[in-house]
Amino acid sequence: MTEGLAAAFGEAFGRAPDGVWRAPGRVNLIGEHTDYNDGFVLPFALSRGVTVAAARRDDGVVEVRSRQASTAVTAPVDGPPVVSEGWPAERAWAAYPVGVARVLREHGTGGASLLIDSDLPQGAGLSSSAALECATALALCDLHGVEIDRPALARLAQRAENEQVGMPCGLMDQSASLLCKAGHALMLDCRSGLSSQVPFDPAAAGLTLLVVDTRASHALTGGEYGRRRAECEEAASLLGVDALRDVKDLAAALGSLKDPVLRRRVQHVVTENHRVEATVGLLRAGALPEFGAMLNASHLSLRDQFEVSWPEADATVDAALRAGARGGRMVGGGFGGSVIVLAPAARAERVGEAITAAYEKRGWTPPGFLEAVPSDGARRVS
Ligand code: ADP
Ligand code: MG
């Protein structure tokens, strides 16, 4: 892909790129709806990602093109938050790379010509947006000789998505894209931003981690996601803690909350944080197959306590377990997107077939499958 992209860059910009950078997408193993409660998440980087061929410019301009977008965008590096400029829909995609350039400018980077390519599905919950931001950020830093350590760069990329794109995302996606290592997942404390590497190599344990795209849309996510955040904030305030992460005595907390909905939300967030910590313990102990039970418990909690699952996700987990998978759960905000399934490698194919058959029986669009291999984070590739 790198050579083809460099050649395409030459055609688009009439010169060779100075280099090529690549940043991966991610899957969050466990720790769902914990990030905005100051809790723990455990993502790992995929082998799929966003690649950027780039050349430095010293005229204060960023020009971005993408093989996945029809509109090229040229914009000054100096400028207000992109979201405030009211770009038309066909330019919207460029808010990510231009936003990164505008945020990093304060740290000494400048303009560039960028050609983007990706083998990561967009909007499927695999974080193509952070991959795009992080590949762009690394390219700009290298081109302009600016050194920023990776945890700080993750914060800046997050800031670009928050302030420039106008998306109130947490720190997980950018941290995963920049900090992950092959054969590992990243334990991230969303309060402190501190992270550590946790060994996670399913293939070495005779297992396969499947990402199943349920092909169900996220239409409801916006409103429901905001509502869940508000419920968690309300519960934290009623319990007198800064965030639900600080609930130490779950039974006492549940006893003091009158609203059954808030009780269910608190139960999920508190137990999900415990599941992340338990998973880290299991992975460090090399007990990878046992971690399937954590996935199942997480899914039930997301379905019954946090109430964000959707029919295709429940059917996927159900069919996978019946076909011999060790565990599975919905991933992402909910109401659509993907499910992860942990299966013995020898049974992975049968599990996939069973899931497809379950969809067929219900007349649903067939699911998509991707084998997730924990991979390295963002880097310069040429
Ligand atoms: P996710 O991060 O889960 O894939 P998002 O909605 O956060 O979903 O980000 C997807 C958006 O990121 C796309 O709608 C598009 O604007 C932008 N994007 C991602 N990859 C590319 C790409 N290769 N080319 C152009 N824009 C991209
Ligand atoms: Mg995203």
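Residues numbered from 1 in each chain as written. Chains lettered and ligands numbered in written order. Predicted model: local features only at pLDDT ≥ 70, side-chain atom pairs only at ≥ 80, totals over all residues. Heavy atoms only, no water.

Chemist: Looking at this model, I keep getting lost on the overall build of the protein. Mind explaining?
Modeler: Helix and strand content of the protein: 11 helices and 13 strands. In summary, the protein has a C-alpha radius of gyration of 21 Å against a globular reference of 21 Å for 382 residues, a match within 12%. Overall, the protein is about 60 × 50 × 40 Å in size when its C-alpha atoms are taken along their principal axes. Counting across all 382 residues of the protein, residues that qualify as buried make up 55%. Across the protein, every contact between residues at least 6 apart in sequence was considered, and the portion connecting residues at least 24 apart equals 72%. Per element, the accessible surface of the protein, about 15200 Å² overall, is 50% carbon and sulfur. (Helix = DSSP H or I, 4+ residues; strand = E, 2+ residues; numbered from the N terminus. Rg over C-alpha atoms; globule rule 2.2 N^0.38 Å. Buried < 20%, exposed > 50% of the residue type's maximum accessible area, 1.4 Å probe, protein only. Contact = heavy atoms within 4.5 Å. Areas by Shrake-Rupley, 256 points an atom, 1.4 Å probe, with all protein chains shown as cover.)

Chemist: Looking at this model, I keep getting lost on unusual backbone geometry. Mind explaining?
Modeler: In terms of backbone geometry, most residues other than glycine have negative phi values and most peptide bonds are trans. Phi angles above zero are rare outside glycine, and H33 is one such case at about 60°. Of note, H33 is situated in the loop between strand 1 (19-28) and strand 2 (40-41). Residue classification places H33 among the buried residues on the basis of a relative accessible area of 4%. Backbone geometry at D38 places phi at a positive 65°, although glycine is not the residue there. Examined against the element boundaries, D38 turns out to sit in the loop between strand 1 and strand 2.

Chemist: Explanation requested: the UniProt feature "domain: Galactokinase N-terminal" (unreviewed entry) in the protein in the structure shown.
Modeler: Here the UniProt feature "domain: Galactokinase N-terminal" (unreviewed entry) sits at residues 8-56. As annotated, residues 8-56 has a helix share of 12% and a strand share of 53%, and its two end C-alpha atoms lie 17 Å apart. (UniProt positions renumbered as here; feature names shortened; annotations may be inferred.)

Chemist: Quick question: what am I supposed to make of the environment of V82 here?
Modeler: Summarising the element assignment, V82 is placed in the loop between strand 5 (73-76) and helix 2 (95-105). In contact with V82, other than residues within four places in its own chain, are W87, A95, V98, G99, R102 and Q164.

Chemist: Looking at this model, I keep getting lost on the sheet that holds strand 2. Mind explaining?
Modeler: Adjacent strands of a sheet form backbone hydrogen bonds with each other and so pair up, either parallel or antiparallel. Pairing in this open sheet of 3 strands is antiparallel, and the strands run 2-7-8 from one edge to the other. Each of the sheet's edge strands pairs with one partner strand only, and the pair in question is strand 2 and strand 8 (195-199). By the bridge criterion, 2 bridges tie strand 2 to strand 7 (residues 184-189) in an arrangement that is antiparallel. Counterpart to V41 in the pairing with strand 7 is L188. (Pairing = 2+ DSSP bridges.)

Chemist: What is the right way to read the environment of A252 from this model?
Modeler: Of note, A252 is situated in helix 7 (residues 250-256). Separated by 13 residues in sequence, A252 and L239 place their C-alpha atoms 9.8 Å apart.

Chemist: What is the right way to read the site of ligand 1 from this model?
Modeler: Around ligand 1 there are 14 residues in total, and S66, Q68, G123, S128 and S129 lie nearest to it. Measuring from an oxygen atom of ligand 1, one finds a side-chain N or O atom of S128 at 2.6 Å. The separation between an oxygen atom of ligand 1 and a polar side-chain atom of S129 is 3.0 Å. Considered on its own, ligand 1 offers 560 Å² of accessible surface; in the complex 80% of this is hidden by protein. (Near = heavy atom within 4 Å. Polar contact = N/O pair within 3.5 Å; in protein donor to acceptor, adjacent residues only side chain to side chain.)

Chemist: How should the nonpolar core be read in this particular structure?
Modeler: Proteins that are soluble and globular tend to have nonpolar side chains buried together. Residues L29, L42, F44 and F200 are the most contacted members of the largest nonpolar core, which totals 74 residues. Residue contacts for L42: discarding those within four places in its chain leaves V27, N28, L29, I30, A185, L186, M187, V198, V276, T279, V280 and L283. In terms of nonpolar packing, the next biggest core, distinct from the first, is built from 35 residues, L254, V270, L302 and F335 among them. (Core = buried A, V, L, I, M, F, W, Y, C linked by side-chain atoms within 4.5 Å.)

Chemist: Help me understand the layout of surface pockets in this model?
Modeler: Over the atoms a probe the size of a water molecule is rolled, and this reveals where empty space is left. Size it by volume and the largest pocket reaches roughly 1100 Å³. R26, G125, S129, M167 and D173 are, among the 46 residues lining the largest pocket, the residues nearest its centre. Estimates place the volume of the second largest pocket at around 150 Å³. Along the walls of the second largest pocket sit F40, L244, R245, V247, K248, V270, N273, H274 and E277, which together make up its complete lining. For the lining of the second largest pocket, the per-class residue count stands at 4 nonpolar, 2 polar and 3 charged. (1 Å grid on protein atoms, 1.4 Å probe; cavity = no way out; pocket = protein on both sides within 12 Å on 5 of 7 lines; lining within 4 Å. Points joined across faces, edges and corners; volume = space filled by probe spheres on them. Nonpolar A, V, L, I, M, F, W, Y, C, P; charged D, E, K, R; others polar.)

Chemist: Looking at this structure, how should I read the environment of E3?
Modeler: Mapped onto the secondary structure, E3 falls in helix 1 (residues 2-13). In this structure, the C-alpha to C-alpha distance between E3 and V339, residues 336 residues apart in sequence, is 34 Å.

Chemist: Help me understand the pattern of salt bridges in this model?
Modeler: Should the charged atoms of two oppositely charged side chains come close, the side chains can pair. Counted under the stated rule, the structure contains 25 salt bridges. With its nearest N and O atoms 3.3 Å apart, the salt bridge here joins R159 to E106. Of this pair, R159 sits in helix 4 (residues 150-165) while E106 sits in the loop between helix 2 and strand 6 (111-118); the two residues are 53 residues apart in sequence, bridging distant segments of the chain. With its nearest N and O atoms 2.9 Å apart, the salt bridge here joins R228 to E224. (Salt bridge = Lys/Arg side-chain N within 4 Å of Asp/Glu carboxyl O.)

Chemist: What should I look at first to understand the pairing of strand 7 in this one?
Modeler: The side chains of a regular strand alternate, residue by residue, between the two faces of the sheet. For strand 7, the buried fraction is high: 5 of the 6 residues fall into the buried class. One ladder, built from 5 bridges, connects strand 7 with strand 8; its direction is antiparallel. Paired with H184 across the two strands is P199, which belongs to strand 8. The antiparallel hairpin formed by strand 7 and strand 8 contains 5 residues in its connecting segment, where G193 sits at a positive phi of about 80°.

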